[in-house]
Amino acid sequence: MKYAVLLFDDPAAWANVTESELGTLQAEYMAVGEQPESYGGAQLQPAETARTLRLRNGEAVVTEGPFTETKEVLSGFYLIDAESEARALEIAWTIPTVSRMGGAIEVRPIVER
């Protein structure tokens with residue numbers, strides 16, 4: 001089954017990361033993308049660069065930034081094809097977003113047609 005693995009973190013948590021730690025973290029993120037089950041993914045630009053589209057009273061509205069006011073923002077994603085949900089979760093636990101950066105990871109099945 002295919003899964004989207006969505007990474008959420010607090011951008012402020014990156015402020016205290018040293019150059020040495022940054023190199024280690026980047027290697028850990030890259031290692032997940034090299035798993036045989038991984039078939040895509042990317043780090044996203046900062047939340048301030050996002051644009052949110054909505055219809056308000058029948059008019060198209062584009063606002064700057066993410067659509068919610070939260071501390072954690074969507075920072076990246078992986079696309080994986082895992083043999084089971086348990087394997088998808090196992091892969092997700094190797095991503096340092098939770099263990100090292102205090103963020104959250106959402107693992108969600110993809111609708112396959």
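Every value quoted in this text rests on a predicted model; they were computed, and no experiment measured them.

S.K.: Just give me the short version of the nonpolar core, but keep the residues and values in it.
M.R.: Counting 14 residues, the largest nonpolar core has V5, L7, Y29, Y78, I80 and I95 as its most contacted members. Counting only elements with at least two residues in this core, the list comes to β1 (2-9), α1 (19-33), β5 (73-81) and α2 (85-93). When neighbours within four sequence positions are excluded, I80 is seen to be in contact with M1, K2, Y3, V5, E37, S38, Y39, A88 and I91.

S.K.: Summarise the pairing of β1; cite the residues concerned and give the values.
M.R.: Here β1 lies mainly inside the structure; six of its eight residues are buried. In the sheet, β1 pairs with strand β6 (residues 104-109) via six bridges, with the strands oriented antiparallel. Bridge pairing in β6 links L7 to I105.

S.K.: Describe the pattern of salt bridges, with residues and values.
M.R.: In total, this model carries four salt bridges according to the counting rule given. For the salt bridge of E90 with R87, the shortest nitrogen-to-oxygen distance reads 2.7 Å. Taken together, the residues span about one helical turn, with E90 and R87 both in helix α2 at a distance of three residues. For R87, a relative accessible area of 17% translates into the label buried. Salt-bridge contacts for R108 lead to E106; the nearest nitrogen and oxygen are separated by 2.4 Å.

S.K.: Could you give an account of α1, naming the residues involved and the relevant values?
M.R.: Working note: α-helix, 3.6 residues per turn, so residues spaced by three or four point in the same direction. For α1, built from 15 residues, the straight-helix expectation of 21 Å at 1.5 Å per residue is met to within 8% by its first-to-last C-alpha distance of 21 Å. Inspection of α1 places L25, Y29 and V32 among the buried residues, and these make up the whole buried set. Buried residues of α1 fall within an arc of 50° about the axis and therefore sit on the same side. Every exposed residue of α1 that faces more than 90 degrees away from the buried side is listed here: E19, S20 and M30. Of the surrounding secondary structure, the elements contacted by the buried residues of α1 are β1, β2 (38-43), β5, α2 and α3 (96-99).

S.K.: Outline the sheet that holds β6, supporting the account with residue identities and numerical values.
M.R.: Reading across the sheet, the four strands line up as β2-β5-β1-β6 and stay open at both edges, with antiparallel pairing between neighbours. Two strands bound the open sheet, and with one partner strand each, they are β2 and β6. Pairwise comparison of adjacent strand axes, ignoring direction, gives a mean angle of 15° for this sheet. In the sheet, β2 pairs with β5 via five bridges, with the strands oriented antiparallel. When the sheet's bridge partners are listed, S38 is paired in β5 with I80.

Rules behind the numbers
- Every chain begins its residue count from 1, and numbering advances along the sequence as written.
- Only residues with pLDDT of 70 or above have their local features reported here, since the model is predicted, and side-chain atom pairs are shown and tallied only from 80 upward, although totals for entire chains, interfaces and linings are computed over all residues.
- With hydrogens and water set aside, each side-chain value is computed from the structure's full complement of heavy atoms.
- Put simply, a nonpolar core is a bunch of buried Ala, Val, Leu, Ile, Met, Phe, Trp, Tyr and Cys residues held in one set by side-chain atoms that sit within 4.5 Å of each other.
- Remark: exposure states derive from per-residue accessible area (1.4 Å probe, protein chains only) relative to the maximum for the residue type, with buried under 20%, exposed over 50%, and partly exposed in between.
- Counting from the N terminus, the helices are DSSP H or I runs at least four residues long and the strands are E runs at least two residues long.
- Here, two residues are considered to be in contact whenever any of their heavy atoms come within 4.5 Å of each other.
- Whether two strands pair depends on DSSP finding at least two bridges between them.
- What makes a salt bridge here is a side-chain nitrogen of Lys or Arg within 4 Å of a carboxyl oxygen of Asp or Glu, nothing more.
- An expected span of 1.5 Å times one less than the residue number is assigned to each helix.
- Here the arc refers to the directions that run from the helix axis out to each C-beta atom.
- Every angle, taken between N-to-C directions, lies between 0 and 180 degrees, and every axis is a line fitted to C-alpha atoms, over only the stretch in contact when it is a helix.

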